[in-house]
Amino acid sequence: MGNLSQDSDCYCSESTESIRWERVNLVGAPGAPTSPASLKAQYQRPWRRGLLNPGTRKDIIRKNGDLNISYINLKKRTRYLQDLYTTLVDVQWRWTLLVFFLAFIMSWLGFAFIWFMIIKVHGDDIADENDETHKPCVYNVRTFTGSFLFSIETQHTIGYGFRYTTEECPEAVFVMCIQSIAGVILQASMVGVVFAKLTRPKQRTNTLMFSRNVCICLRDGRLCLMFRVGDMRKTFIIGASVFAQVIRKRTTQEGELIPYHQYDVKVGSDDGSDNLFFIWPMTIVHVIDENSPFYKMSAVDLMNEKFELVVYLEGTTESTGTTMQARCSYQPTDFLWGHRFENLIFFDKASDNYVVDFREFNKTREVSTPLCSARDLEDFKRQNSDALMCYTPNSDQVVCIEPDIFTADEKVPAED
């Protein structure tokens, strides 16, 4: 990039519409305006001229973390039955309960049919109740309805005492043992599946929050991408780690088009570490450097791109010891260029503890931020010593950011 006497795209804005304005000339260029009013006249709304076309890519990961993916033309679906336990845990509750309801009904009816065949062969259904010489296999069971009721009592060890087996028929004793074992196995399976569904890590992620937007602003003189993650519960997440990827199209040197190429994005806490001491909501930071997929994107470029930023948090829940993963995704329209998150943590002297105000979780404020790409900003800092122009479209004020904030030896002062 040249100095301020040449055309440049490296300027700043403090407006919520900062990404919708384009700088045509900078002060000092030949024929450039010299007053704020004339400077403002050089700005135009790019969307009226077709410069902005926000990406319309559909979410691969929905905001709630679910996958927006379906499978077709799958063969050998019977493989799902080879891992029936996992299948029952993964499917929705209505299907799990329907499977167990049918399993109980079929087991009751199946053993009821066996009991009815036993009493039918032994002649208990036609024997006289007053005949003391005839000893039935099962007392007080003469019909299929009675066999069904006895099947339920046997399988669930209800034992009302009206229907019971005798030692007259060994096959009846054997069937009673088999049904008791089958009932225990069926109930244990149901308890295991229900417990697994209730304690799934996915349920724990319902209380994890991701910010509504992604902010891009300066931090220590470098463009940084930031989003927020918080936990509504007080229970600690052990070994919390955060990761991110950008999914977008890529064309190889051989001309191959990869429609959903995944770029790793290095994110972490304030010091860049991906291991979080997750005791309260944290702002996750990605420094836009030469290894970042956003390195060559300016504010206008960002709005013209079609990509998806997928972020996910992994850790172990302290209460259950299960590993969980919370996911979220952001589209280009979710990015706020020139914004910074508000502080939401303060110390309450009355209660003598720290307070987290979740009303401020998604709130941002506008800050002066260059609208050029991180690459252009670094070129500007290397080649220029002039002040960086910062323009506010909603007013006639032109703010100059002194170039010394971009030196390696100094940092931007912390704001109150």
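Note that the structure is a prediction, hence the values are computed from the model and not measured.

Take the pairing of strand β15 (residues 345-348) next. Pairing geometry for β15 and strand β16 (residues 353-356), over 4 bridges, is antiparallel. Note that in β16 the partner of F347 across the bridge is Y354. Between β15 and β16, which follow one another and run antiparallel, lie 4 residues, and D352 among them has a positive phi close to 60 degrees.

Attention now moves to the side chain of E153. As for its position among the elements, E153 is in helix α5 (residues 144-155). A polar contact of 3.1 Å, which involves the side chain of E153, links it to the side chain of R163.

Let us look at the environment of D301. As for its placement among the helices and strands, D301 is situated in helix α8 (residues 299-304). The spatial distance from the C-alpha of D301 to the C-alpha of P332 is 9.9 Å, given a sequence separation of 31 residues. Side-chain polar atoms of D301 contact the side chain of S298, separated by 3.0 Å.

What follows covers the pattern of salt bridges. Counting across every chain of the model gives 8 salt bridges. Among the salt bridges present, the one from D270 reaches R219, with a minimum N-O distance of 3.3 Å. Here R219 lies in strand β5 (residues 214-219) and D270 lies in the loop between β8 (257-265) and β9 (275-276), a separation of 51 residues in the sequence. For D270, a relative accessible area of 63% corresponds to the exposed category. Look at R219 and you get partly exposed, because its relative accessible area is 31%. K363 is the salt-bridge partner of E360, the closest N and O atoms lying 3.4 Å from each other. Owing to a relative accessible area of 40%, K363 belongs among the partly exposed residues under this scheme.

Looking now at the packing of aromatic side chains. If you walk through the whole model with that rule in mind, you get 14 aromatic pairs. One aromatic cluster in this structure is built from F104, W108 and F148.

Turning our attention to the nonpolar core. Most often, soluble globular proteins keep nonpolar side chains buried together rather than apart. With 40 residues, the main nonpolar core has L309 and F335 as its most contacted residues. Once you skip the residues sitting within four places of it in the chain, F335 turns out to touch V214, I216, L225, F294, L302, F307, L309 and Y330. One finds C137, F150, C169 and A172 within the second-largest nonpolar core, a separate group that totals 12 residues.

Below, the discussion takes up α5. The first and last C-alpha atoms of α5 sit 16 Å apart over 12 residues, in line with the 16 Å expected at 1.5 Å per residue. Burial in α5 covers these residues: G146, S147, F150, S151, I152, E153, T154 and Q155. The elements touched by buried residues of α5 are α4 (93-122), β2 (138-139), β3 (164-165) and α6 (170-198). Where α5 terminates, the next one or two residues include T157, which has phi positive at roughly 50 degrees.

Moving on, we come to the packing of α5 against α6. For the pair α5 and α6, the least separation of the axes is 8 Å and the interaxial angle reads 65 degrees. In contact with S151, T154 and Q155 of α5, α6 contributes M176, Q179, S180, G183, L186 and Q187. Grouping the amino acids of the contact of α5 with α6 by side-chain chemistry returns 2 nonpolar, 7 polar and no charged.

Positive phi values are uncommon outside glycine, yet T157 reaches one of about 50 degrees. One can find T157 in the loop between α5 and β3. Phi is positive for D220, which is not a glycine, with a value near 55 degrees. Its place among the elements puts D220 in the loop between β5 and β6 (222-231). The partly exposed category is assigned to D220, whose relative accessible area is 40%.

What counts and how
- Residues numbered from 1 in each chain as written.
- Predicted model: local features only at pLDDT ≥ 70, side-chain atom pairs only at ≥ 80, totals over all residues.
- Heavy atoms only, no water.
- Pairing = 2+ DSSP bridges.
- Helix = DSSP H or I, 4+ residues; strand = E, 2+ residues; numbered from the N terminus.
- Polar contact = N/O pair within 3.5 Å; in protein donor to acceptor, adjacent residues only side chain to side chain.
- Salt bridge = Lys/Arg side-chain N within 4 Å of Asp/Glu carboxyl O.
- Buried < 20%, exposed > 50% of the residue type's maximum accessible area, 1.4 Å probe, protein only.
- Phe/Tyr/Trp six-rings, centres within 6.5 Å; stacked < 30°, edge-to-face > 60°.
- Core = buried A, V, L, I, M, F, W, Y, C linked by side-chain atoms within 4.5 Å.
- Contact = heavy atoms within 4.5 Å.
- Expected span 1.5 Å × (residues − 1).
- Axes fitted to C-alpha atoms, helices over the stretch in contact; angles between N-to-C directions.
- Nonpolar A, V, L, I, M, F, W, Y, C, P; charged D, E, K, R; others polar.

Interpretation in functional terms is not warranted from these geometric data alone.
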